[in-house]
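# Residue-level structural notes
Okay, here's what each chain looks like letter by letter:
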Amino acid sequence: MSAVRRAYYDDSYRKELTANVTAVNGEWIELDQTIFYPLGGGQPGDTGRVTGPNGRTHQVLDTRKSDTGDQIKHQLDTDEHGLKPGDTVDTEIDWERRFKHMRMHTSMHLLGSLIPVPVTGGSVGAEKSRLDFDLGEHQIDKEDLTTRINALIEDAHPVAFGTITEAELDERPGLVRTMSVQPPRGAGDIRTVRVEDVDFQPCGGTHVNNTSEIGAVRVSKIENKGKRNRRVHLVLE
Ligand SMILES: [Zn+2]
């Protein structure tokens, strides 16, 4: 089977798409193309709805990559959905949730650019997000970070997307800021995200096209996670 078309990369703002079912396994279905982002890189899988040829609509509870990485599995609310390969379905993502993920994920890149030390982990959520830093002797302050990240947001930096080959990435290991979230390998070229004048790194997440779309954010908490490590929490205002 040919690899799924990742329509969420062609246009991360697309909310609806008609697709064809390519495989069914219980409550999980695969499509020839999808706007549903699969869990990965610290960003949750999308939720939404799928409507089949019989007019019945099912909730999509989660989205995951297949074990081989070249397909995307959508978890429906039941295995009695009646869908089969070849069926045409109308799909729709929970846009409000996804747009929050896009705003949050781009803010995580801004936050990372403000703290020039290794990132040891992170997660993006619609309500709150966090990044873990191996801070060493570096000092950080909640109010100062909040001021500086909001300044980057208001400066309206464009966000651009590209690709890098695995070989190119191997030659520039410094590009990967996050030690725990390595970009996915073995699926061809790796996607890159450039926040103009601010940040450039390999990242498979979905992002806004301009930092001004993020709106105001706040560093809500800096948690002590051992001698060198700090967990920085961020919320949308
Ligand atoms: Zn990212």
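So, a few notes on the structure that sits alongside this text. What you see is a predicted model, and the numbers here were worked out from it, not measured in a lab.

Attention now goes to the pairing of strand E9 (residues 119-123). The sheet contact formed by E9 and strand E10 (residues 128-134) spans 4 bridges and is antiparallel. Within E10, the position partnered with serine 123 by the bridge is arginine 130. What sits between the antiparallel neighbours E9 and E10 is a turn of 4 residues.

Turning our attention to the side chain of aspartate 46. Along the polypeptide, aspartate 46 turns up in the loop between strand E4 (33-34) and strand E5 (48-51). Note on aspartate 46: relative accessible area 1%, which makes it buried. At a separation of 2.7 Å, a polar atom in the side chain of aspartate 46 contacts the main-chain amide nitrogen of tyrosine 37. A distance of 2.9 Å separates the side chain of aspartate 46 from the side chain of arginine 98, its partner in a polar contact. With residues near it in sequence (within four places) discarded, aspartate 46 still touches Ile35, Phe36, Tyr37, Val60, Asp62, Thr63, Ile93, Arg97, Arg98 and His101.

This part is about the pattern of salt bridges. Evaluated as defined, the whole model comprises 13 salt bridges. Aspartate 94 is paired through a salt bridge with arginine 49; the nearest N and O atoms lie 3.0 Å apart. In this pair, aspartate 94 is assigned in the loop between strand E8 (88-93) and helix H2 (95-114) and arginine 49 in strand E5, connecting sequence segments 45 residues apart. Between aspartate 62 and arginine 64 there is a salt bridge, and its shortest N-O distance comes to 2.9 Å. For aspartate 62, a relative accessible area of 16% puts it in the buried group. Ionic contacts of the salt-bridge type, sharing partners, join the residues Arg49, Glu92 and Asp94 into one network.

Thresholds applied
Residues numbered from 1 in each chain as written. Predicted model: local features only at pLDDT ≥ 70, side-chain atom pairs only at ≥ 80, totals over all residues. Heavy atoms only, no water. Pairing = 2+ DSSP bridges. Helix = DSSP H or I, 4+ residues; strand = E, 2+ residues; numbered from the N terminus. Buried < 20%, exposed > 50% of the residue type's maximum accessible area, 1.4 Å probe, protein only. Polar contact = N/O pair within 3.5 Å; in protein donor to acceptor, adjacent residues only side chain to side chain. Contact = heavy atoms within 4.5 Å. Salt bridge = Lys/Arg side-chain N within 4 Å of Asp/Glu carboxyl O.

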